[in-house]
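Spelled out, the chains give:
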Amino acid sequence: GAGVSQSPRYKVAKRGQDVALRCDPISGHVSLFWYQQALGQGPEFLTYFQNEAQLDKSGLPSDRFFAERPEGSVSTLKIQRTQQEDSAVYLCASSRAVAGGSYEQYFGPGTRLTVT
Amino acid sequence: GIQVEQSPPDLILQEGANSTLRCNFSDSVNNLQWFHQNPWGQLINLFYIPSGTKQNGRLSATTVATERYSLLYISSSQTTDSGVYFCAVLSGATNKLIFGTGTLLAVQP
């Protein structure tokens, strides 16, 4: 079946603009994750959803970052008033796991955000 | 929190050579995954291996959970193997993956 998809693949924003990044997980996957990958580093966790419930948002770097998954499928990561330090690749992953479970995570291609 | 270290940080191979990449982690884990990030940035799943040994073609992996390390073996390397290899662990009740620093592999023809 289809993998995780993300859109847009590339986004250029002027400092201060708001952006919205979309993730379509693998059909039937209960868990959805957002990660941020800075240049030359490994991905770092931002937030986790089980269905529509946001169970962990400990990795969100500031209150300018907001994520939602209202119907338990598609998720949107929103960044308000973008800053240059927000420039990174934003990766979405999904898995079959429920909280406390452990299943393989599958990643989308990412959205490369550049803030000028 | 749990620490994940990978070695070597960089590796250059001639096509056809073999290599071993190592991943050390500082605490017990429930899950360990190996990924290959290709030059276009896509994370490709290689192995889901919390313990034991698995093989897939020219690649194999071994995780010794009691000693807190995992190894990724690449045999008869090809130029398409180039990219960054990450291990990532999941620990405790959270579901987030904690990534290592990666090994940058370049395979030369």
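A brief structural summary. Computed from a prediction, not measured in an experiment: that's the story for all the values here.

**Quick notes on the sheet that holds strand β3 (residues 19-25) of chain B**
All names here are of chain B.
Then, number 1: Ordered in space as β1-β3-β8-β7-β6, the five strands form an open sheet in which the pairing is antiparallel. For this open sheet the edge positions go to β1 (4-7) and β6 (52-56), each flanked by a neighbour on one side alone. Taking each pair of neighbouring strands and ignoring which way they run, the sheet shows an average axis angle of 15°.
Then, number 2: Across six bridges, the pairing between β3 and strand β8 (residues 69-74) is antiparallel. Within β8, the residue paired with Thr-20 across the bridge is Tyr-73.

**Observations concerning the pattern of salt bridges**
Then, number 1: The full count for this structure, using the stated rule, is four salt bridges over all chains.
Then, number 2: Here Arg-22 of chain A makes a salt bridge to Asp-24 of chain A, at a shortest N to O gap of 2.8 Å.
Then, number 3: Overall, the relative accessible area of 22% leaves Asp-24 of chain A in the partly exposed class.
Then, number 4: Measuring nitrogen to oxygen at the nearest pair gives 2.9 Å for the salt bridge that ties Asp-81 of chain B to Arg-58 of chain B. Placement of the pair is Asp-81 of chain B in the loop between β8 and β9 (83-90) and Arg-58 of chain B in the loop between β6 and β7 (59-64), with a sequence separation of 23 residues.
Then, number 5: Accessibility expressed as a relative area gives 7% for Asp-81 of chain B, which makes it buried.

**Focus on the side chain of Ser-31 of chain A**
All names here are of chain A.
Then, number 1: For Ser-31, the location among the structural elements is in strand β4 (residues 31-37).
Then, number 2: Judged by relative accessible area, which is 0%, Ser-31 ranks as buried.
Then, number 3: Side chain to side chain, Ser-31 and Tyr-48 meet in a polar contact 3.2 Å long.

**Some words on unusual backbone geometry**
Then, number 1: Here Ser-7 of chain A and Pro-8 of chain A are connected by a cis peptide whose omega angle stands at -10°.
Then, number 2: Looking at where Pro-8 of chain A falls in the secondary structure, it is placed in the loop between β1 (5-7) and β2 (10-13).
Then, number 3: Omega for the bond connecting Ser-7 of chain B with Pro-8 of chain B falls within 30 degrees of zero, at -10°, which places this linkage in the cis form.
Then, number 4: Summarising the element assignment, Pro-8 of chain B is placed in the loop between β1 and β2 (10-14).
Then, number 5: The phi torsion at Arg-68 of chain B lies on the positive side, around 60°, for a residue other than glycine.

Reading the values: the criteria
Residues numbered from 1 in each chain as written. Chains lettered and ligands numbered in written order. Predicted model: local features only at pLDDT ≥ 70, side-chain atom pairs only at ≥ 80, totals over all residues. Heavy atoms only, no water. Pairing = 2+ DSSP bridges. Helix = DSSP H or I, 4+ residues; strand = E, 2+ residues; numbered from the N terminus. Axes fitted to C-alpha atoms, helices over the stretch in contact; angles between N-to-C directions. Salt bridge = Lys/Arg side-chain N within 4 Å of Asp/Glu carboxyl O. Buried < 20%, exposed > 50% of the residue type's maximum accessible area, 1.4 Å probe, protein only. Polar contact = N/O pair within 3.5 Å; in protein donor to acceptor, adjacent residues only side chain to side chain.

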